[in-house]
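What the coordinates show
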Amino acid sequence: MKRTLLTIAVTSLFFTYSCKNAQVSQPKTTENKTVKSNITDEQLMDKVQQDALKYFWDYAEPNSMLGRERYHEDDIYPDNDKHVITTGGSGFGLATILVGVERGFVPRKEAVKRLTKMMDFLAKADRHKGAWSHWINGETGKTVPFGKKDNGGDLVETAFLTSGILMVREYFKNGNAEEKALAAKCDELWKGIQWNWYTKGGEKVLYWHWSPEYQWEMNFPLEGYNECLITYILAASSPTYSIDAETYYKGWTRNGTYLTDKTKYGLPLYVKHNYAEEYGGPLFWAQYSYIGLDPTGLSDKLVKNYFDVNKNQTLIDYKYCVENPKQWKGYGSNYWGLTAGYTRNQDGSTGYTAHMPTNDNGVITPTAALSSFPYTPKESMDFLRFIYTQKPEFIGSAGPYDATSVNYNNWFTPRYLAIDQGTIAPMIENYRTGFLWKLFMNAPEIQQGLKKLSFQSSKYGIK
């Protein structure tokens, strides 16, 4: 679903066109949604994690059991794409299901059965030099074009999916026979991805797309800083089709030129956010790569602490919403968070955009604050408590709806996107226990890959 800011305008136009004639209906009922104000913080976190899990457990695409690109409570699908699954969002869904198993929200045995079916589907689905496409037909396993020339491998979406696959492998690899078999399937999928193919014949940079039909015509090099760091980490960690450290430092860091000394609200940004150097980009940039990659005390040759990078980006977003220069009704310390997702078009219909301080239209995306718990626990809890106890109309069958606006008379769209709903339970769990971070960071290949790239983490013994 998500794209960097260079392509977000195209995506926005696509979604605006798709949804312009679909006036959102109100939910069927708000009964039983109100949460008592005396609910504890722990109970609230349990509740939102369980609610977000429903997206991937109760509303999964029924054949593949993977995450649908979108789930609409109003049952309006302008592009007839109810059956389309998203690879990146499905990766976050894998992490969400692991949280569900670990917390006892879903039975372990049933999860193993379902995850096995998901891996079997992915093994038979279309792959492009080992990478999956952005969208896949959940009924057939065939590539669904994201755009005319975006009809092949999508390395970034593949990376988000692979992060989840590796965590599933690590969680079940020492289990019973069925669990070990599941882990083996995950391992085989991981080893089949040809990361180094996506250097376009050995260039010192990774490319986002490759198509059997259009080859490299998309021509989108992965250069920082945005949401794509995990792609380089996985590519360097691959035991079969690895890239070297030079590709990371020449490509991702733009030959070391992506650092900045700029500050906002007195907070250093540390890195140049692509096309968003004043405030930083939408908040998913501090979340997608870090479902498994633990930024706590994590450094490389250029960045001293990735946790500080993410924390400051989040706090800048928070402070912007509290400052509220556009004077939107409702914005404040308990209602904040700008990231990419569904939005309200001027005519009241549902569109799509990358909300951020420089693209602020009065719409708050709940996943922005909820998936920021590791960086802003108090501010995120204030948001969580507010939306559940005071805004029941913003809560649907799978947790907070994707887009909300107090300013526009408590407008919302009764719709969800996998890539947004899928970061909520994992990032809250990483705040609570570090569960997914431990799984991913202790994978042997990840440790070796991080060392190859001169990353250090005292927390995990990486030097």
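Residues numbered from 1 in each chain as written. Predicted model: local features only at pLDDT ≥ 70, side-chain atom pairs only at ≥ 80, totals over all residues. Heavy atoms only, no water.

**Concerning the packing of aromatic side chains**
Defined as follows: Side-chain rings of Phe, Tyr and Trp (the six-membered ring for Trp) are treated as a pair once their centres are within 6.5 Å; stacked means planes under 30 degrees apart, edge-to-face means over 60, and tilted covers the remaining angles. The way it works is that DSSP assigns letters per residue, a run of H or I at least four long becomes a helix, a run of E at least two long becomes a strand, and they are numbered from the N terminus. For every residue, the accessible area obtained with a 1.4 Å probe (protein chains only) is divided by the maximum for its type, and the residue is called buried under 20%, exposed over 50%, and partly exposed between those limits.
By the definition in use, this model includes 38 aromatic pairs. Ring geometry for Phe-373 and Tyr-431: centres 5.4 Å apart, planes at 40°, overall tilted. You can see Phe-373 sitting in the loop between α10 (366-370) and α11 (377-390) and its partner Tyr-431 sitting in helix α13 (residues 424-432), a full 58 residues away along the chain. A residue is classified by how much of its surface remains accessible, and Tyr-431, at 38% relative accessible area, is partly exposed. Following the ring pairs from residue to residue traces out a cluster consisting of Tyr-55, Phe-56, Tyr-59, Tyr-71, Tyr-331, Tyr-335, Phe-383, Phe-386, Phe-394, Tyr-401, Phe-412 and Tyr-416.

**Considerations on the side chain of Gln-49**
The criterion, for reference: Nitrogen and oxygen atoms within 3.5 Å of one another constitute a polar contact, given that in protein one can donate a hydrogen and the other can accept it, and given that sequence-neighbouring residues count only through two side-chain atoms. Whether two residues are in contact is decided by their heavy atoms: any pair within 4.5 Å suffices.
Turning to its location among the elements, Gln-49 is positioned in helix α2 (residues 41-57). Accessibility expressed as a relative area gives 1% for Gln-49, which makes it buried. Polar side-chain contacts of Gln-49 include one of 2.7 Å to the side chain of Arg-432. When residues no more than four places from it in sequence are discounted, the contact partners of Gln-49 are Val-99, Arg-103, Phe-105, Ala-425, Ile-428, Glu-429 and Arg-432.

**What to know about the packing of helix α3 (residues 87-102) against α13**
This is how the line gets drawn: The angle between two axes is taken between their N-to-C directions and runs from 0 to 180 degrees, where each axis is a line fitted to C-alpha atoms and a helix contributes only its stretch in contact. Any angle that falls under 35 degrees is termed roughly parallel, while one over 145 is termed roughly antiparallel, one within 65 to 115 roughly perpendicular, and all others oblique. Take the far helix as your reference; a near helix turned counterclockwise from it by less than a right angle gives a left-handed crossing, and one turned clockwise gives a right-handed crossing. Here the term charged refers only to Asp, Glu, Lys and Arg, the term nonpolar to Ala, Val, Leu, Ile, Met, Phe, Trp, Tyr, Cys and Pro, and the term polar to all other amino acids, Gly among them.
One can describe the packing of α3 onto α13 by two numbers: an axis separation of 8 Å at closest approach and a directional angle of 50°. Accordingly, the angle class assigned to the pair α3 and α13 is oblique. Between α3 and α13 lies a crossing whose hand is left-handed. Within the contact between the two elements, α3 uses Phe-92, Ala-95, Thr-96 and Val-99 and α13 uses Ala-425, Pro-426 and Glu-429. The class makeup of the residues in the contact of α3 with α13 is five nonpolar, one polar and one charged.

**Thoughts on the side chain of Asn-345**
Relative to the elements of secondary structure, Asn-345 occurs in the loop between β9 (340-344) and β10 (350-354). Engagement of the side chain of Asn-345 in a polar contact is seen with the backbone oxygen of Thr-350, the distance being 3.4 Å.

**Looking at helix α15 (residues 444-452)**
Of all the residues in α15, the buried ones are Glu-445, Ile-446, Gln-447, Gly-449 and Leu-450. Buried-residue contacts for α15 involve α5 (155-172), α6 (177-191), α7 (229-237) and α14 (435-441). Looking at the residues trailing α15, positive phi occurs at Ser-454, about 65°.

**Observations regarding the sheet that holds strand β3 (residues 135-137)**
Counted only if it meets this: Between any two strands, pairing holds if DSSP finds at least two bridges.
Strand order in the open sheet formed by three strands is β2-β3-β4, and the pairing between neighbours is antiparallel. Looking along the sheet, the strands with just one partner apiece sit at the ends: β2 (84-86) and β4 (143-144). Inspection of the sheet shows β2 paired to β3 by three bridges, in the antiparallel sense. Of the residues in β3, the one forming a bridge with Thr-86 is Trp-135.

**A word on unusual backbone geometry**
The omega torsion of the bond from Gly-224 to Tyr-225 falls at 10°, within 30 degrees of zero and hence cis. Mapping Tyr-225 onto the fold places it in the loop between β6 (209-210) and α7. Of note, Asn-80 is a non-glycine position whose phi angle comes to about 50°, a positive value. Positionally, Asn-80 belongs in the loop between β1 (70-72) and β2. Although it is not a glycine, Arg-254 sits at a positive phi angle of roughly 55°. Here Arg-254 is to be found in the loop between α8 (245-252) and β7 (263-264). Given the relative accessible area of 30%, Arg-254 is considered partly exposed.

**As for the confidence of the model for the protein**
What counts, and what does not: Known as pLDDT, the predictor's per-residue confidence is scaled from 0 to 100.
The predicted model of the protein averages 94 in pLDDT, with 93% of residues at 70 or higher. The low-confidence segment residues 6-31 (pLDDT under 50) makes 56 contacts with residues lying over four places distant or belonging to another chain.

**Thoughts on the packing of α5 against α6**
Axis separation between α5 and α6 bottoms out at 8 Å; the angle between their running directions is 150°. Taken together, the axes of α5 and α6 lie roughly antiparallel to each other. Crossing of α5 over α6 shows left-handed handedness. Of the residues in α6, those touching α5 at Thr-162, Ile-165, Leu-166, Val-168, Arg-169 and Phe-172 are Glu-179, Lys-180, Leu-182, Ala-183, Cys-186, Asp-187, Leu-189 and Trp-190.

**Points about the environment of Gly-292**
Looking at where Gly-292 falls in the secondary structure, it is placed in the loop between β8 (267-268) and α9 (306-323). You can call Gly-292 buried: its relative accessible area is 0%. Along the backbone, Gly-292 and Phe-435 are 143 residues apart, and their C-alpha atoms lie at a distance of 9.0 Å.

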